[in-house]
Amino acid sequence: MNLFPRVGVLGLGTMGAGIAQVFAASGRDVVALETGPDRVAAGLGAVADFLAAAVARGKLTEDDRRTTLDRITGTTDVAGLAGVDLVVESVTEDADAKKALLSEVAAAVGTDTPILTNTSALSVTDLAAALPHSERVAGLHFFNPAPLMRTVEVVRALQTDPFLVERLTALVASLDGKEAVVVDDRPGFLLNALLLPYLNDVVQEYDDGLASAEDIDTALTLGLGYARGPFEMLDLIGLDVHLRATEGAHAATHDSRYAPPPLLRRMVAAGRLGAKSGRGFRTGEESTR
């Protein structure tokens, strides 16, 4: 029998939809909470499109596609989460919004039900402190796109029960192709603590006229063996998502490495968010300095 056979996912945006798909593909039933029927439909549609593309590439059978979709149900009522064995939150990177939602969820699920956050930059310890039975709170940080990226960070808040960390490590191991990395709660955790300054640096170098975005991507993919160049990665992540993450890390640490480059702010202000908007560093026309 699966560990945590029924999972609640809060939010069906880009990350939430991907996380719901990962759990459903592992044989678990998923209840996904969203703010309205239109957002539920959009999230389920994103999962359906992703799975359909996998079928077209020969990576998934039609039967598996249908079975995975059938395991995901949407709800707009927190009460619909009653009876889940685990909750994973993936809503906007705003501490107050997360705390408000998680408090409602904590009242709707059992006191022993683990409540996890997919935050990439906020303090898990701080979120846990706002909830009853904070020892059942931890981070479970997936990377985008969740169905494809293999690493999942299991984040220990100061309050997290060590046995929960063991169970979450086992949970990740039960997900197809996923590997758990256990990390302490700190701004950016492990991967983003390294990734955010790197992406900030390449944006600044580009703005300084060092090379084109295409040439920087080529240099780093071919010269260092990276699977994806930094600007291609930024367009995929979403420039607005990176901006929020690096702002959060900078606010928490006051470390200048996390300070968002001015060009990043201008790109987001202009609506050039990458693949999601059709314009970014490598998507559509190249930006104007």
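The model shown is predicted, which means the values in this text are computed figures rather than measured ones.

Peer 1: Could you give me a rundown of the overall build of the protein chain, with the residues and numbers involved?
Peer 2: Scanning the protein chain from terminus to terminus reveals eleven helices and eight strands. By principal-axis analysis of the C-alpha atoms, the protein chain measures approximately 55 × 45 × 35 Å. Considering only residue pairs separated by 6 or more positions, the protein chain has 68% of its internal contacts joining residues 24 or more positions apart. Charged side chains of the protein chain number 26 positive and 39 negative; the gap between the two group centres comes to 2 Å.

Peer 1: I'd love a proper account of the nonpolar core, names of residues and values included.
Peer 2: Nonpolar side chains in soluble globular proteins tend to be buried together. Residues Ile 19, Phe 23, Leu 86, Val 88, Leu 140, Phe 142 and Leu 168 are the most contacted members of the largest nonpolar core, which totals 32 residues. Elements that contribute at least two residues to this core include exactly strand E1 (6-10), helix H1 (14-25), strand E2 (29-33), helix H2 (37-56), strand E4 (86-89), strand E6 (137-141), strand E7 (151-156) and helix H6 (162-173). The contact partners of Leu 168, leaving out residues within four places of it in the chain, are Phe 4, Leu 86, Leu 116, Ala 138 and Val 154. In this structure, Leu 102, Leu 131, Val 137 and Phe 189 belong to the second largest nonpolar core, which totals 21 residues.

Peer 1: Hey, could you go over the pairing of E2 for me, with residue numbers and the actual values?
Peer 2: Burial analysis of E2 places four of its five residues in the buried class, which makes it a mostly covered element. Summarising the sheet, E1 and E2 pair through five bridges and their orientation is parallel. Each bridged residue has a counterpart across the sheet, and for Arg 6 the counterpart in E2 is Asp 29. Tracing the backbone out of E1, into H1 and back to the parallel element E2 gives a crossover that is right-handed. Here E2 runs beside strand E3 (residues 72-75); their pairing, made up of four bridges, is parallel. Counterpart to Ala 32 in the pairing with E3 is Gly 74.

Peer 1: Any details on helix H7 (residues 191-207)? Residues and values, ideally.
Peer 2: The end-to-end C-alpha distance of H7, which contains 17 residues, comes to 24 Å, matching closely the 24 Å that a straight helix rising 1.5 Å per residue would cover. Of the residues making up H7, those classed as buried are Asn 192, Ala 193, Leu 195, Leu 196, Pro 197, Leu 199, Asn 200, Val 202, Val 203 and Tyr 206. Where the residues of H7 are buried, they touch E6, helix H8 (213-224), helix H9 (230-237), helix H10 (239-253) and helix H11 (262-269). Looking one or two places after H7, you find Gly 209, whose phi comes out positive at around 85°.

Peer 1: Break down the side chain of Thr 125 for me, with residues and values.
Peer 2: Tracing the chain through its elements places Thr 125 in helix H5 (residues 124-129). According to the relative accessible area criterion, Thr 125 is buried, its value standing at 17%. In contact with Thr 125, not counting residues within four places along its chain, are Ala 157, Leu 158, Gln 159 and Asp 185.

Peer 1: Explain the packing of H9 against H10 to me, using residue names and the numbers behind them.
Peer 2: It is the contact of H9 with H10, at a shortest axis distance of 6 Å, that shows an interaxial angle of 95°. With respect to H10, the element H9 is oriented roughly perpendicular. Contact residues: Leu 234, Asp 235 and Ile 237 in H9; Leu 239, Val 241 and His 242 in H10. Grouping the constituent residues of the contact of H9 with H10 by class yields four nonpolar, one polar and one charged.

Peer 1: Residues and numbers for unusual backbone geometry, please.
Peer 2: A cis amide bond links Asn 144 with the next residue in sequence, Pro 145, at an omega value of -5°. Note that Pro 145 resides in the loop between E6 and E7. Even without a glycine there, the phi angle at His 254 is positive, about 60°. Note that His 254 resides in the loop between H10 and H11. Exposure remark for His 254: the relative accessible area of 66% places this residue in the exposed category.

Procedures and definitions
Along each chain, numbering runs from 1 in the same order as the chain's sequence is written. Where totals are concerned, whole chains, interfaces and linings use all residues; where local detail is concerned, this predicted model gives features only for residues with pLDDT of at least 70, and gives and counts side-chain atom pairs only at 80 or more. Calculation of side-chain values draws on the structure's entire complement of heavy atoms; hydrogens and water are dropped beforehand. Starting at the N terminus, helices and strands are each numbered in turn, a helix being any DSSP run of H or I of at least four residues and a strand any DSSP run of E of at least two. Residue contacts are defined here by distance: any two heavy atoms, one from each residue, within 4.5 Å place the two residues in contact. Charged residues are defined narrowly, with Lys and Arg counted positive, Asp and Glu counted negative, and His plus the chain ends left uncounted. The location of each charge is read from NZ of Lys, CZ of Arg, CG of Asp or CD of Glu. Definition used in this section: a nonpolar core is a set of buried Ala, Val, Leu, Ile, Met, Phe, Trp, Tyr and Cys residues joined via side-chain atoms within 4.5 Å. Burial classes: relative accessible area under 20% of the type maximum marks a residue as buried, over 50% as exposed, and values in between as partly exposed (1.4 Å probe, protein chains only). Two strands are said to pair when DSSP picks up at least two bridges between them. The path from the first strand over the helix to the second decides the hand: if it runs clockwise while the strands point away from the viewer, the crossover is right-handed. For a helix, the expected span equals 1.5 Å multiplied by the number of residues minus one. Interaxial angle, 0 to 180 degrees, is taken between N-to-C directions of lines fitted to C-alpha atoms, where a helix line uses only the stretch in contact. The labels follow the angle: roughly parallel below 35 degrees, roughly antiparallel above 145, roughly perpendicular from 65 to 115, and oblique for the rest. Each residue gets one of three labels, nonpolar for Ala, Val, Leu, Ile, Met, Phe, Trp, Tyr, Cys and Pro, charged for Asp, Glu, Lys and Arg, and polar for the others, Gly among them.

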